[in-house]
2 protein chains.
Amino acid sequence: MSERITMSHGAGGTIMQDLIKRYIVAHLGGSGVEVPLEALDDSAVVDEIVLKSDSHTVKPLFFPGGDIGRMAISGTVNDIAVMGADPIALAAGFILEEGFPIGEFEKIVSSMKETCKEAGVYVVTGDTKVVEKGALDKFVINTSGIGKRSEALESNIQVVKKYRPFNSRWLLDSNIREGDKLLVSGTVGDHGIAVLSFREGYGFDTEVKSDVAPLNKLAKRILMVGGIVKIKDPTRGGLSNALNEWSDKSKIGILIHEDAVPIGEGVRAACEMLGIDPLEVGNEGKLVIATVPGMAEQILDELKATPKGKSAAIIGEATHRFDGVVMETAIGGRRIVSAPAGDPVPRIC
Amino acid sequence: MSERITMSHGAGGTIMQDLIKRYIVAHLGGSGVEVPLEALDDSAVVDEIVLKSDSHTVKPLFFPGGDIGRMAISGTVNDIAVMGADPIALAAGFILEEGFPIGEFEKIVSSMKETCKEAGVYVVTGDTKVVEKGALDKFVINTSGIGKRSEALESNIQVVKKYRPFNSRWLLDSNIREGDKLLVSGTVGDHGIAVLSFREGYGFDTEVKSDVAPLNKLAKRILMVGGIVKIKDPTRGGLSNALNEWSDKSKIGILIHEDAVPIGEGVRAACEMLGIDPLEVGNEGKLVIATVPGMAEQILDELKATPKGKSAAIIGEATHRFDGVVMETAIGGRRIVSAPAGDPVPRIC
């Protein structure tokens with residue numbers, strides 16, 4: 001009863017998952033909708049509507065490569081897109097601290113607008129609350145959104161079915177099977193390291209920029225190629241957490257190759273200096289993609305043909321040879337990639 | 001540029017409306033959806049989906065008659081219901097302060113569950129963030145939700161059309177016409193006074209309890225009777241703000257009768273003592289209803305037959321004889337009921 005909330009309870013790893021399962025799903029689950037709360041997937045699906053909500057508490061509000069407004073749009077758009085849906089509308093809930101400069105507020109809203117344009121979606125409703133000075137660290141945004149089944153999802157699933165049985169109607173964490181290939185759309189760890197470095201003044205920020213971006217068009221483009229069984233945006237807890245969720249929910253082992261995972265030089269240097277695993281650092285503009293093996297190369301080519309996907313790589317595959325996530329290291333050894341307890345960088349989103 | 005956010009920017013009155021129009025709608029409007037952001041109605045409507053988002057920052061988290069969990073469900077359910085829709089799913093975004101007792105968190109989630117049961121709706125997705133101690137006053141929730149056109153709305157509109165032309169597909173603030181009767185479902189001001197009194201220790205709380213409740217079933221029940229052109233839940237800025245929004249968007253005068261507006265004794269006494277207008281105080285479990293004149297008595301009877309509507313009353317009518325909202329006072333005079341600059345009680349929702 002004297003247990004208290006810690007930063008780890010919001011850090012996207014196993015400690016957060018436990019809190020959600022024990023206190024949120026236990027009380028609020030049981031809806032019986034197509035993709036319910038207890039699936040703990042990227043979004044829910046109800047009556048063919050994809051629904052997602054995300055709060056943004058990133059600190060600072062403006063950082064190299066982005067700001068909280070760009071994040072607020074991208075995060076929700078991406079969570080809807082990775083289910084195989086087109087985002088059709090967003091809702092924005094602003095909470096402001098008394099005394100917050102209106103000029104900064106307008107900069108944030110203006111950044112939301114630009115990001116909406118990039119994604120091709122609108123904010124159609126919202127809510128504004130103000131709390132007294134000292135009751136909030138400046139500003140938070142919640143963005144929720146709805147999406148509808150993408151036509152590209154239908155054609156994608158037809159391609160999957162040429163290769164193997166597939167009875168899921170959506171792209172779910174539980175869809176991965178033996179032999180499926182795993183790709184990332186670019187370098188990992190950029191967002192978390194950019195925010196951390198800028199916030200703490202480490203100076204890596206001269207080279208590391210956040211990747212925050214809406215990825216719905218990229219997701220749709222690769223769905224048009226076909227053969228994809230799941231996409232995920234590896235935010236809090238990074239690639240490690242995303243892969244462990246897949247392994248857990250699909251009940252299959254995942255093998256990744258250390259050499260194959262693209263990591264920028266600045267991120268690598270910062271992570272080494274700070275003793276952080278770049279695989280556990282959150283991203284805001286990357287996709288992890290699972291495809292049937294026969295389509296992996298075509299998906300890779302399609303990714304590489306885009307600016308956001310130019311550093312894409314095939315990083316591993318699903319296998320029944322073991323449980324959990326294992327990484328084949330550069331020197332030929334193997335190590336377990338555990339689900340992180342939480343993202344090593346706090347308040348990155 | 002040196003302008004800063006004040007508590008009034010979140011208090012539901014004209015100052016908030018100005019902020020929203022100048023900085024939010026100006027940038028984010030233009031979607032072209034059926035009921036867009038710029039309508040500033042209770043919810044948006046996109047592709048037949050009603051969408052709403054609401055953040056809750058009420059202080060304290062537990063108060064006489066309710067808590068933030070009950071509010072978080074009721075507020076969003078009500079905003080969807082008043083458009084003429086059945087809520088079909090909710091999304092909950094939690095932001096917690098480091099150090100918040102998990103026992104209290106569970107009490108709140110458990111209250112959400114009970115309120116969901118009462119409303120007949122589920123939370124199907126969510127998000128959990130934690131900020132460091134001092135960066136938030138304990139806890140806030142954002143609840144967003146989606147609804148679908150209620151069958152009761154169709155039958156209701158058929159009844160309206162027996163009395164006059166009606167070309168709106170939803171219950172909108174702009175639907176009110178000459179002669180329409182205005183009702184409230186019960187006493188006004190209870191929620192704001194209950195929270196204020198309990199928070200400041202005025203002692204009125206022994207008699208005044210918040211009315212916070214989901215009203216979707218009540219709204220549906222009166223829609224089944226028919227003849228309703230708009231329903232609204234008069235939250236921040238109270239009845240005054242709700243009526244001024246109707247007057248403004250429907251471009252019609254509104255006359256209300258002071259004697260007819262139900263106000264509890266405790267609220268009346270507290271408002272007199274504190275110099276607050278009870279019509280400007282927020283409610284969380286009341287409906288204001290506009291009906292064609294021929295159906296007002298039947299709607300009143302239906303309301304009075306329910307526990308939540310037992311103090312319902314016809315309080316006025318729409319008229320072209322003047323602009324704005326005017327109140328006929330108990331002693332026979334008339335005074336203008338201006339749109340409040342903001343709710344006189346801060347952080348009630």
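Just so we're clear, the structure is a prediction, and the values are computed from it rather than from any experiment.

Parameters at a glance
- Residues numbered from 1 in each chain as written.
- Chains lettered and ligands numbered in written order.
- Predicted model: local features only at pLDDT ≥ 70, side-chain atom pairs only at ≥ 80, totals over all residues.
- Heavy atoms only, no water.
- Helix = DSSP H or I, 4+ residues; strand = E, 2+ residues; numbered from the N terminus.
- Rg over C-alpha atoms; globule rule 2.2 N^0.38 Å.
- Buried < 20%, exposed > 50% of the residue type's maximum accessible area, 1.4 Å probe, protein only.
- Contact = heavy atoms within 4.5 Å.
- Areas by Shrake-Rupley, 256 points an atom, 1.4 Å probe, with all protein chains shown as cover.
- Buried area = accessible area lost by both parts, 1.4 Å probe.
- Salt bridge = Lys/Arg side-chain N within 4 Å of Asp/Glu carboxyl O.
- Phe/Tyr/Trp six-rings, centres within 6.5 Å; stacked < 30°, edge-to-face > 60°.
- Lys, Arg positive; Asp, Glu negative; His and termini not counted.
- Pairing = 2+ DSSP bridges.
- Axes fitted to C-alpha atoms, helices over the stretch in contact; angles between N-to-C directions.
- Least-squares fit on C-alpha atoms with pLDDT ≥ 70 in both.
- Parallel < 35°, antiparallel > 145°, perpendicular 65-115°, else oblique.
- Left-handed = near helix turned anticlockwise from the far one by under 90°.
- Right-handed = clockwise from strand over helix to strand, strands pointing away.

A. A look at the overall build of chain A. Regarding its fold elements, chain A presents nine helices and 14 strands. Computed over its C-alpha atoms, the radius of gyration of chain A comes to 19 Å, within 12% of the 20 Å expected for a compact globule of 349 residues. Referenced to the eigenvectors of the C-alpha coordinate spread, the extents of chain A come out at roughly 60 × 50 × 50 Å. Going through the 349 residues of chain A one by one, you find that 65% of them count as buried. Long-range pairs, those at least 24 residues apart, make up 81% of the contacts in chain A between residues at least 6 apart in sequence. Summed over all atoms, the accessible surface of chain A reaches about 11,900 Å², with 51% contributed by carbon and sulfur.

B. Molecular detail of the interface of chain B and chain A. Chain B puts 77 residues into the contact, and the matching count from chain A is 76 residues. Buried area between chain B and chain A, summed over both chains or domains, comes out near 7,000 Å², and the portion from carbon and sulfur atoms is 66%. Three residues stand out in chain B for area buried against chain A, namely Ile5, Leu28 and Ile102 of chain B, and they jointly supply 11% of the buried area on that side. Applying the counting criterion to the chain B and chain A interface returns 10 salt bridges. For Asp47 of chain B, the salt bridge identified is with Lys148 of chain A, shortest N-O distance 3.9 Å.

C. Spatial organisation of the side chain of Thr57 of chain A. Relative to the helices and strands, Thr57 of chain A resides in the loop between β2 (49-56) and β3 (62-63). Judged by relative accessible area, Thr57 of chain A falls into the buried class, the value being 1%. Setting aside its immediate chain neighbours within four residues, Thr57 of chain A contacts Val140, Arg347 and Cys349 of chain A together with Ile95, Lys129 and Val131 of chain B.

D. Inspection of the pattern of salt bridges at higher detail. Residue and element names in this part refer to chain B. Tallied over the entire structure, the rule returns 64 salt bridges over all chains. The residue Arg164 makes a salt bridge to Asp180 at a minimum N-O spacing of 2.8 Å. Placement of the pair is Arg164 in the loop between α4 (151-163) and β8 (181-184) and Asp180 in the loop between α4 and β8, with a sequence separation of 16 residues. Asp180 shares its class with Arg164; the two are buried. For the salt bridge of Lys286 with Asp190, the shortest nitrogen-to-oxygen distance reads 3.7 Å. A residue pair is termed long-range when its members are at least 10 positions apart, and Lys286 in the loop between α8 (265-274) and β11 (288-291) and Asp190 in helix α5 (residues 190-200) qualify at 96 residues.

E. Region of the structure containing the packing of aromatic side chains. Residues and elements named next belong to chain B. Under the counting rule described, the total for this entry stands at eight aromatic pairs over all chains. Judged by centre distance (5.2 Å) and plane angle (85°), the rings of Phe94 and Phe105 are edge-to-face. One end of the pair, Phe94, is in strand β5 (residues 85-97); the other, Phe105, is in helix α3 (residues 102-119), and 11 residues separate them in sequence. Consider the rings of Phe94 and Phe139, whose centres lie 6.1 Å apart with planes at 20°: the pair is stacked. Of this pair, Phe94 sits in strand β5 while Phe139 sits in strand β7 (residues 139-149), and the two are 45 residues apart along the sequence.

F. Spotlight on the side chain of Glu97 of chain B. Note that Glu97 of chain B resides in strand β5. No salt bridge is formed by the buried Glu97 of chain B, whose closest oppositely charged neighbour, Lys133 of chain B, lies at an N-O distance of 4.1 Å. In this structure Glu97 of chain B touches Ile5 of chain A together with Val130, Val131, Glu132, Lys133, Gly134, Ala135, Leu136, Asp137 and Lys138 of chain B, once residues within four positions along its chain are discounted.

G. Quick peek at the sheet that holds strand β1 (residues 44-46) of chain A. If you walk across this open sheet you meet the five strands as β1-β2-β7-β5-β6 (chain A), and the pairing is mixed. Every other strand in the sheet has two partners, leaving β1 and β6 (123-131) of chain A as the edge strands with one partner each. With direction set aside, neighbouring strand axes in the sheet form an average angle of 20°. Relative to β6 of chain A, helix α1 (residues 14-28) of chain B is tilted by about 140°, and along the sheet it contacts β5 (85-97) and β6 of chain A.

H. Structural view of the relation of the copies chain B and chain A. It takes a turn of 180° to lay chain B on chain A, together with a shift of 0.0 Å along the axis; the resulting RMSD is 0.0 Å. The operation mapping one copy onto its partner corresponds to a two-fold rotation axis. Among all residues of chain B, the minimum C-alpha distance to the rotation axis is found for Leu136 of chain B, at 2.1 Å. A shared interface surface links the copies, since 99% of the contact residues of chain B are contact residues in chain A too.

I. Structural context of the packing of helix α1 (residues 14-28) of chain A against α3 of chain B. Where α1 of chain A contacts α3 of chain B, the two axes come as close as 8 Å, and the packing angle between them is 25°. Our classification of the angle between α1 of chain A and α3 of chain B gives roughly parallel. The interaxial crossing formed by α1 of chain A with α3 of chain B has right-handed handedness. Here α1 of chain A contributes Leu19, Tyr23, Ile24, His27 and Leu28 of chain A to the contact with α3 of chain B, which in turn contributes Ile102, Phe105, Glu106, Val109, Ser110, Met112 and Lys113 of chain B.

J. Highlighting unusual backbone geometry. The omega torsion across Lys59 of chain A and Pro60 of chain A is 0°, close enough to zero to call that bond cis. By secondary structure assignment, the location of Pro60 of chain A is in the loop between β2 and β3. One non-glycine residue, Glu48 of chain B, lies in the positive phi region at around 65°. Topologically, Glu48 of chain B is positioned in the loop between β1 (44-46) and β2 (49-56). Judged by relative accessible area, Glu48 of chain B falls into the partly exposed class, the value being 32%.

K. Structural detail: the pairing of strand β6 (residues 123-131) of chain B. All names here are of chain B. The buried fraction of β6 is high, at eight of nine residues. In terms of strand pairing, β5 meets β6 through eight bridges, oriented parallel. When the sheet's bridge partners are listed, Leu96 is paired in β6 with Val130. A crossover links β5 with its parallel partner β6, the connecting element being α3, and its sense is right-handed.

L. Local environment of the packing of α5 of chain B against α8 of chain B. Residue and element names in this part refer to chain B. Taken N-terminus to C-terminus, the directions of α5 and α8 make an angle of 60°; their axes are 10 Å apart at the nearest point. It follows from the interaxial angle that α5 and α8 lie oblique. The handedness of the crossing between α5 and α8 comes out as left-handed. Residues Asp190, Ile193 and Leu196 of α5 form the contact with α8, whose participating residues are Val267, Ala270, Cys271 and Leu274.

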